[in-house]
Every structure is written in structure tokens, then in C-alpha cells.
Amino acid sequence: MALIERLQRRASNWGLLPRLLQLLPRLAILSGIIGLGWLAIYLPLEGEFRHTYISENALMPSQAYSYFRETEWNLLRGYRTQIKQLADESSDQRNAVLGSWLEEVGVKTAIYRDPVNGDSLYGVWHAPRGDGTEAMVLAAPWYNGDGDFNVGGTALATALTKFFSRWPLWSKNIIVVFSEDTRASLRSWCHAYHNNLDLTGGSIESAIVLDYPGSNDYFKYMEIYYAGLNGELPNLDLVNVAVHVTEHEGMRVSLNGIPESEVDEEDYYGRMRKMLLGVRKMALAGVQTCYGNEAFSGYRIQSVVLRARGTDGPFDITTFGRVPEAVIRSVNNLLEKFHQSFFFYLLLAPRYFVSIASYLPAAIAFSAAFILAGLDNYLKSSMKTSAGPNASSYTLATIFVFVASLVASFGVFQIFVQWVKPAILVLSSVMASLAPIYPLKNRVSSAHAQQLKAIAFFYLSVVLTSLLVVNFALAFGIGLLAFPMIFLKTTTNPRLAIKNSILLTATNPFICSCLFANVFESQLPNLELIPRLVSAWKELGCWTWVLISIGWLPSWLTMAISSLPTTDTVSTTQKPTTLDTDVKKLQ
Amino acid sequence: MNLRELQVVVACVASRFGTSTVFPFLQQQLDKSVEFSTPVTSYRSLQEGVFLLRNEFPLYSGGVVHHAPLLVALISVFNSETMVSLLYACADALVAYQLIAMAKYFRSSSLPSWVPGALYVINPLVLLSSVSKSSIVFSNLAISTALLTALQGNWVCSAVSIAVASYLSLYPLTLIVPLLALLRNHKLKTLSTAAVTLAALLLSSYKQNDESWNYLFSTYGVIMTFSKIIPNLGLWWYFFVELFEMFIPFFKAVFNLFAVSCIIPFSLRFHKQPFYAFLLCLFWITLTKPYPTLGDGGFLLSFIPFFKPLYGYFRYSVISTLLFIHVSVLSPIFYHLWVDLGSGNSNFFYAISLVYALGLATVLVDLVWAMLRIEYDKGKPNLHLKLTPI
């Protein structure tokens, strides 16, 4: 205690607190830079990440011999030839034919009718050695994420079901699903399974989506997708098992669709690229192409997509089939749930990961940056208003403006869900961004503007904090893209006003996320992002649109209002003396 | 009661009643949330009790109802849901009114007397707690009545109210100690009145409950022995989930002792500031009770405006504010991660309940420190003098 007392006295003698308060704007910027640097530069460094390992010993991947080999070759090819002929048939026709094949094997089938998103055929193979309370899903959508007819995938799923049904060792039911597509149709089946389907097979533990378009016998390498909606990830054990089994069969693994040329790069830049790609995929899950695992998010189902790439190569389609076989056998071994605390990770390579404690500071730093910036603005404005007689009316006006921008944001959110016009949204955003150069007669006082900024920063910080654990990638993304708001200055200088206007344009939620998508995502050109966000919210229940329009937009709107031309020209950094006394009072 | 005060009271009824009628689903949602509802305060179990009572089933043999028999009987008088909403709104408005009345006893403070009431009305924790129809509203009402009438010197009312509060939720029984300090005279009479009232309540409950004493365990026994281990914002549940079976009785005794341990010390040390001692004890109970809700916390925080003269001494006010904001934002999220998504685990939620306890504790420590400082400064705040607590 005496030590603390001495430290406290020493600190107050040096005037540490006033100095720190003066440094607040710089500390905020520094904090943001640390956030970005932490994730992009620090984490891929040697020694900051770990080798993946199987946490649940019961899984025992590749410990048993895989039997899906030459004996199944002809069956698989037979199914494939038949399914190829079904390509031009209606969905009813296809489902009826496939359903009859499954019934022959002894699988109970049913068709889930969804007139909006497309029907799904599914079958339940009841486990000979289980109590029927748990199930594993093998899904093969008729059309994959790119819209190609999934011949190989559906043929494999059928052949595997037939193959599995001959084995007595299953302790969990096997559910095989053929949905129309990888997105809304599979999602709506999954929703229906948990609500109103008659034929069910217990709680689903894991789901494997097979994606093998084309009828080629051979393929080059395997792609694995795992990022779920709303920041959810499958248990790392399942991803590890999939990676382990695939590599055990001799195939190379590409995570999140990394191009083949970069798969083997495991140096610093390779790791950095792979991790940042993973973060991007997490943040944009549901918005960009869905490969199928997203459909299972939110129901405690661990899901991955296995995707064959390349039309020639050393591996044939039965090799591909051995991967889901081995993964399903591993999951079948599970006696309990998947292990806790294995749900939060970033993968830097198929065999390298960082866990939550290591990567969370990156997003916390952005949250802290906004808190610091808010605190700075708050102190500056309270210095100006505390002497004035109308301090409380200022505060009331600030709260009113903020509530108004919240309501307006909610309006934007609702209106554009019904009426998707991205061009109008972006155009009005640009108009609003010009706020600093509006020729207004009634100007905002600078103290008021700073108070508005403070409340905007605090709100954004609380939003980011609440997202930290739920959806790290989105928290990081919003933090990064909204970060330049910190540089907005309260000023009357017309040149700075133009700079403010540019900054506002650059941090507008819609403009800057569209820009981001244009630069990094080739599948989201122009303003494509906004309709995708809306449809992800409507069809998949992906919260990204809500968070952008109700979490980020109110804060931006308040910032835009605070950047309207101001009256007071007092440069805010030149009042250390009053700040000093104010702070001394606080101590 | 002047116009402004009337406005506050009307606003209280209107906001509670309006929210309940406009968003009827909110009540069920809040009642399912662990922050606003516990087995001993939830409206679901109260409704169950009303149903059992109306159909003349035994109330407590099912192990679902943990409310006092007379409370169940009171609610069963009201036939429509709207009337019950109105009852809750009026009870809450009465608390707001009593806060205003208490503020009038502190004329020296620069605060207009309607402010504590208005803060109570806009306090979201209290609002949501009242909308969730948690029975904590009635305990809070009884406690604030006891406090107000003690300030007014009305020892009969005060004794009866504290007896009702203890009848409803047990732990306020200990508040009788600071209450006695608050009443200048008639201490023995107060004590005996409270005892007689409590005995009468228990006896009439016995009659009401088909001449069976089994309600005693279902109401007070469940609280004291923490027999329903359900996550909440308190400090008990996680500990008893983790503990080996054979240690459980011992630690239940320890936790109960802990809950009452600071009552007498606070009352003795601050016997010259009895109102303040009463609130410290209330803080202590809220911090250590087995089934706390955010409604308790909100009720407590409504008393902070009374300590305006001490504000200068508060050292952690920013930290406590941030802690409370983060608790209210993060606790539903972490509970969702744990229970709905399964990606988090119980540690996530427990961490948040620790943060909540820390928030309450910082306010408590701040209050104690501020009062000790003002004693040291002999009633004249001297903010320039710096002291370090050792």
C-alpha cells in the first residue's frame, strides 16, 4: 500500500494525468494503429501462433482404415451417370429419383417443401447402435455456391449413404440432405428441421457439405470452408479432423479458397495473407458466395464444406469420398459434445492457429481508440461548457440529436430492407458527407460539436465491445473502416472542412464497405454488397446489415452533424492551463 | 406534492403501464432473461402459483412456486393481466413518490426533491424490472416504505413495512438493525412490532396454505439453502456448481454468514449517519444475496442522488459507470453465447456477474470512503487535501 501511495504521489507531482489527457488524441490514434498492427503484423510472427492439435481424444481421425475404395467405384460412377442425366429435369423429378434410390437402401426419406427457396430431399439412416438422439449430416446441394450442377457431390452423397448403411458401427443417425442450393434452401431446411419437420433424427452434431461439381474422375486439391454466419465458427476439432484426414489421403488443403499457387506458402507473408483472408471471410460470411456451411449456423452444429478443385490431378473421386467417410467416423466416436473453448480461433495455415486470447486485443484496441477519442472530445467540450450557463441544455440537445440519428438509422435499416436501392443509399450518403461545407446560417457551436463527437465515439465503442466475442471479424472490420472518423477536426477553416468532408465520405458505412468489397472481393462489384447484405439478413438471418445500419450508421450520422460548420474558432489544443486545473480538481 | 412531483409519479405509472400494454411480449422475454428473473422472483412461477391456488391445488408441493403465500393470494385477486400490470406500475410509482418524499428530508442538498424520483423513473434497470413483473418490486416498495416512515419517525409503519419486506424476501430482515439506529426512540417497541407483524404474517400464511408449514422451506429455505442452482448475476451459483458435494452445506452456511456479516459493523460504525448505514447494508445484501436481479441494482442506484454532497470524494465514478454499462450490454450476449450458441461456456457469463459484483463493490467502497473522508474533514468538504486509504 505504501508503494502504491508513493507511486500515486509521484505521479501527481509529475502531473501525469494532465499530460496523459493532453495526449489523448494521439493515444487514440496509437491505439488504432496497435490494433491493426497486432493482427496483421504481430500475430503471423514465428512464435505467436500454435500448431493445431486434436483436443478431444475420442475423435481419433484416420485411426481406422477407410474402406470407400475401388469396390465403390462402379456404384459411384453409376449414380453419377444417372444423376448427370437428371441435370435438366425439374427439382421434383430429381428428388423423386434420388429418394427412390435412398429408399432402396433402407433410408427413410421425406421432401421438405419450400415454395420460395426450393424443395429439399432428405433421408435419415437410423443408427444401429445408438439411441437416435444425435445425428450427423451429409449435405450435397444440387447446385453449388457457384451455381454449377453438383454432379459429383450428389453422386458421392448417395454412394456414401449406401456404403454407410452396410456398416453396423454407427452410434449416431446419419442424415443426408439434397437441397436446391447452398444458401437459402439449405438454411430453410435447417430451420425447418429444428422447428416443424416430421421425420427427424435427433440433434445434429456436425454437418459436412460435399461440393464436387462436374463429372470428372480426377481432381487436384481440396478446399475447406468453415466460416459461419454471425461470426460463428465450427469447433476447431472438426476443422482439424477434416484437415488431418485430407492430408492423410495425400491431398493439399486450401482454406477459404486460397488460390492453388499460394497453398504451399507458409512463410510470414503467406500466413499473414491466409489469416487476413480468413478474417475477411468471417466478416463477410453470408454476404459473399455461400458454400453451404453457413446454413447450419446458430443451431450448435459444427459444419465444414469439402470442395474438390481442378479437373485433373492425381486424386480420384473415391479419394474425395474417403474424407467425409473418415470425418463422419471420427464424429461418430464422440461420446460428449465437442470440447469447449475451441470455438474461437483464426487459422494462419491448415495446421497453424491463434486462439482468442492472442487475437482479441486487436479488436479491443479499436474499441479503446474510440473510447479515448470520445473521452478527449468530452473533456474538451465540458471545459467550454462548464462555465457557461446552458451546459445542461447542451447535453439535452446532444442526446436529442443522437436519439434522432438512432431513429433515422433504424428507418434506413427498415426502408432499405423493403426497397433495395443501393444507388440512392450511396447518393444520400455522399450528400450527407458534404455536411462540413454546407453554407449554413445557424452554425453549431464547437463545444456542442465536441459533445456530439464524444457520444458518437462512446456508442461505437460500446457496439464494438459487445461484438468482440460474438463476431470478432466484424468488430475488427467496423473498427478499422470507421477508424478515420477519429481524424475529424472541429474547425471553421474551409480547407479543413473539405478534408472533413472527404473523411466523412471515406468512413460512411455504406460507401466504405462497398469500396472495401470492390477492392478485395471480386464477386461483389460496384454496389452489389448492399443488396447482398439485405438478402443475407432476410434469407439467412445474418446480422451484418443490422449491425452496419444500427451499430455504425447512428454514430456516423452524429459525426456528420457534429461536422457541420461551427462558430467557435478556439483551437482546442491550446488550453492546457484550464485543463490542468480542471484535472487537479478531479484528483 | 407540487406539479413537478405529480408529473414524475404520473410518468412512472404511464411508462410502466404503457410499456407493458404496448409490448406484451417484452414481459415474457424479460422474464426468461436471467438478469431480471430468478426462481424466487419470476412472474412465471407467480402465475403458476395463482393457477394452482385458483384450482385449489397445493401450492408448494410441485417445487415450482417460491413466492410467499400471501403474495400469490394477492395476485390471484386480480383477474385480468391489465390489472396486474397496473398494480406493478402503481407499486413502482409509489417507490418513486417515496424517493421524492425522502429527498424532502435532505433540504440542505442543492438538489430539487423531484430529481431522485425522476431518475428512478428513467432508470432502465428499474423500468425493465418492473415491466418483467418481477416480485422484487414489492420487496423494494416495502423497503423504501420502511426507510421513509423511519425518517418521518413513524415507527409503527416502519416496523410493519420491514416485517413485510422480510416476509417477501427474507434478507431485508437484517435491515432492522440499521433501521433501529434510524429511529431515535421506541426502539424496543419497533422491534416487538416487527416481530409481531412477521409472526402474524407467517401465521396467516399458514392458514392460507391449508394449515401447512411446507411453504417455509419453499420460500425461505430455497433462498437460504440455494436449492435451485440457476445462473444469475450473483456470486453463489458458479461456486456451488463447481463444489464437491460434501463441502456444500458448510459453504452454504459460510455464504449466509457472509451475507449478514457486515450489517452490524456498518450500523455501528455509521450510527451517526443511520440513513447512510441503512443504504450500505442494503448494498451489502444486494451484493451477497443468492438470487439478485438487475432490479435490485437499479433500486439501489436510485439512492445515489442523495449523496450529492459526497460526490467530490468519489474516486471511481467513471469506472463504476463503465462497469454497469458493460454489464448491461455484455451479460445477455455472453449468456446467449453460452446457452444458445454453445460456443462460449459458463465462465463467460460468470465473468460478467463478477464484473457486476465489482461494479456494486466499487460504488460501495466509494461511498464508505467518501463518508469517512467527510468525517475526517469535519463536515466541510476539503477536496484539495489528498489522503490515501491504507
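Quick caveat: nothing in here was measured; it's all calculated off a predicted structure. (Residues numbered from 1 in each chain as written. Chains lettered and ligands numbered in written order. Predicted model: local features only at pLDDT ≥ 70, side-chain atom pairs only at ≥ 80, totals over all residues. Heavy atoms only, no water.)

A.B. asks: When you look at the overall build of chain B in this model, what are you seeing that I'm missing?
C.D. replies: From N to C terminus, chain B includes 19 helices and zero strands. Here the C-alpha atoms of chain B give a radius of gyration of 21 Å, agreeing with the 21 Å that 2.2 N^0.38 yields for 390 residues. Overall, chain B is about 65 × 50 × 45 Å in size when its C-alpha atoms are taken along their principal axes. If you take every contact in chain B between residues at least 6 apart in sequence, the share linking residues at least 24 apart comes to 70%. Summed over its atoms, the accessible surface of chain B is roughly 16,800 Å², and 70% of this surface lies on carbon and sulfur atoms. Counting 23 positive and 16 negative side-chain charges, chain B places the centres of these two groups 15 Å from one another. (Helix = DSSP H or I, 4+ residues; strand = E, 2+ residues; numbered from the N terminus. Rg over C-alpha atoms; globule rule 2.2 N^0.38 Å. Contact = heavy atoms within 4.5 Å. Areas by Shrake-Rupley, 256 points an atom, 1.4 Å probe, with all protein chains shown as cover. Lys, Arg positive; Asp, Glu negative; His and termini not counted. Charge placed at Lys NZ, Arg CZ, Asp CG, Glu CD.)

A.B. asks: Would you mind showing me how to read the interface of chain A and chain B here?
C.D. replies: It is common to give the size of an interface as the accessible area lost on bringing the parts into contact. On the chain B side, the residues contacting the 17 residues of chain A number 20 residues. Summed over both partners, the interface of chain A with chain B comes to about 1,700 Å²; 64% of that surface belongs to carbon and sulfur atoms. Run the count over chain A and chain B and you get zero salt bridges. Our count for the contact surface shared by chain A and chain B stands at three residue pairs in polar contact (both at pLDDT 80 or more). At the level of secondary structure, the elements contributing two or more residues to the side of chain A that touches chain B comprise α1 (2–14) and α13 (446–467) of chain A. No other element matches the four residues that α1 of chain A contributes to the side of chain A that touches chain B. For the side of chain A that touches chain B, the class distribution of residues is six nonpolar, seven polar and four charged. (Buried area = accessible area lost by both parts, 1.4 Å probe. Salt bridge = Lys/Arg side-chain N within 4 Å of Asp/Glu carboxyl O. Polar contact = N/O pair within 3.5 Å; in protein donor to acceptor, adjacent residues only side chain to side chain. Nonpolar A, V, L, I, M, F, W, Y, C, P; charged D, E, K, R; others polar.)

A.B. asks: Explain the sheet that holds strand β9 (residues 253–255) of chain A to me, please; I cannot follow it from the model alone.
C.D. replies: Pairing between the strands of a sheet is mediated by backbone hydrogen bonds and can be parallel or antiparallel. All names here are of chain A. One open sheet holds the eight strands; their spatial order is β2-β3-β5-β4-β6-β10-β8-β9, and the pairing between them is mixed. Each edge of the open sheet is held by one strand with a lone partner, namely β2 (108–112) and β9. Neighbour-to-neighbour, the strand axes of the sheet open up by a mean angle of 20 degrees, direction not taken into account. Of the strand pairs in this sheet, strand β4 (residues 134–139) and strand β6 (residues 203–211) are connected by six bridges, and their pairing is parallel. (Pairing = 2+ DSSP bridges. Axes fitted to C-alpha atoms, helices over the stretch in contact; angles between N-to-C directions.)

A.B. asks: Explain the environment of Ser302 of chain B here, please?
C.D. replies: All names here are of chain B. Of note, Ser302 is situated in the loop between α17 (294–301) and α18 (317–341). For Ser302, a relative accessible area of 3% gives the class buried. Filtering out sequence-adjacent residues up to four positions away, Ser302 remains in contact with Leu99, Tyr120, Asn123 and Val126. (Buried < 20%, exposed > 50% of the residue type's maximum accessible area, 1.4 Å probe, protein only.)

A.B. asks: I'm lost on the domain arrangement of chain A in this one. Help?
C.D. replies: All names here are of chain A. By domain assignment, chain A separates into domain 1 (23–44 + 358–567) and domain 2 (70–350). Each of domain 1 and domain 2 has a C-alpha centre, and these two points are 39 Å apart. Taken together, the contact pairs 29 residues of domain 1 with 27 residues of domain 2. The junction of domain 1 with domain 2 conceals about 2,500 Å² of combined surface from both sides, 61% of it contributed by carbon and sulfur atoms. Applying the counting rule to domain 1 against domain 2 returns two salt bridges. For Glu521, the salt bridge is made with Arg280, and the minimal N-O distance between the two is 2.9 Å. For the interface between domain 1 and domain 2, the tally reads 12 residue pairs in polar contact (both at pLDDT 80 or more). Counting only elements with at least two residues in the side of domain 1 that touches domain 2, the list comes to α2 (16–42), α14 (472–482), α16 (509–520) and α17 (529–540). (Domains from an automatic or database assignment.)

A.B. asks: Can you help me understand the sheet that holds strand β1 (residues 50–51) of chain A in this one?
C.D. replies: All names here are of chain A. Here three strands make up an open sheet; going across it, the order is β1-β13-β12 and the pairing antiparallel. Two strands bound the open sheet, and with one partner strand each, they are β1 and β12 (345–349). Pairing between β1 and strand β13 (residues 352–355): two bridges, direction antiparallel. Its bridge partner lying in β13, His51 is registered against Tyr352.

A.B. asks: Quick question: what am I supposed to make of the packing of aromatic side chains here?
C.D. replies: Two measures describe an aromatic ring pair: the distance that separates the ring centres and the angle between the ring planes. Using the criterion set out here, one finds 71 aromatic pairs over all chains in the structure. Seen from their ring centres, Tyr65 of chain A and Tyr67 of chain A are 5.2 Å apart, and the 75 degrees between their planes marks the pair as edge-to-face. Arranged with centres 5.2 Å apart and planes meeting at 75 degrees, the rings of Phe68 of chain A and Phe163 of chain A form a pair that is edge-to-face. Placement of the pair is Phe68 of chain A in the loop between β1 and α3 (70–85) and Phe163 of chain A in helix α5 (residues 151–165), with a sequence separation of 95 residues. Like Phe163 of chain A, Phe68 of chain A is buried. Pairwise contacts between aromatic rings join Phe226, Trp236, Phe239, Phe240, Phe250, Phe251, Phe255 and Tyr291 of chain B into one cluster. Sitting above the plane of the Trp114 of chain B ring, Arg4 of chain B keeps its charged end 4.6 Å from the centroid. (Phe/Tyr/Trp six-rings, centres within 6.5 Å; stacked < 30°, edge-to-face > 60°. Lys NZ or Arg CZ within 6 Å of the ring centre and 35° of its normal.)

A.B. asks: Help me out: how do you make sense of the side chain of Ser76 of chain B in this one?
C.D. replies: Residues and elements named next belong to chain B. By the secondary structure assignment, Ser76 is in helix α4 (residues 69–77). By relative accessible area, which is 15% here, Ser76 ends up buried. In contact with Ser76, other than residues within four places in its own chain, are Val50, Leu53 and Arg54.

A.B. asks: I would appreciate a short explanation of the UniProt feature "transmembrane region" (unreviewed entry) in chain B in the present structure.
C.D. replies: All names here are of chain B. The feature "transmembrane region" (unreviewed entry), as given by UniProt, occupies residues 85–106, 118–143, 155–182, 213–240, 246–268, 275–293, 313–335 and 347–372 in the numbering adopted here. For residues 118–143, the helix share is 81%, the strand share is 0%, and the end-to-end C-alpha distance is 19 Å. Taken end to end, residues 213–240 has its terminal C-alpha atoms 27 Å apart, with 57% of it in helix and 0% in strand. (UniProt positions renumbered as here; feature names shortened; annotations may be inferred.)

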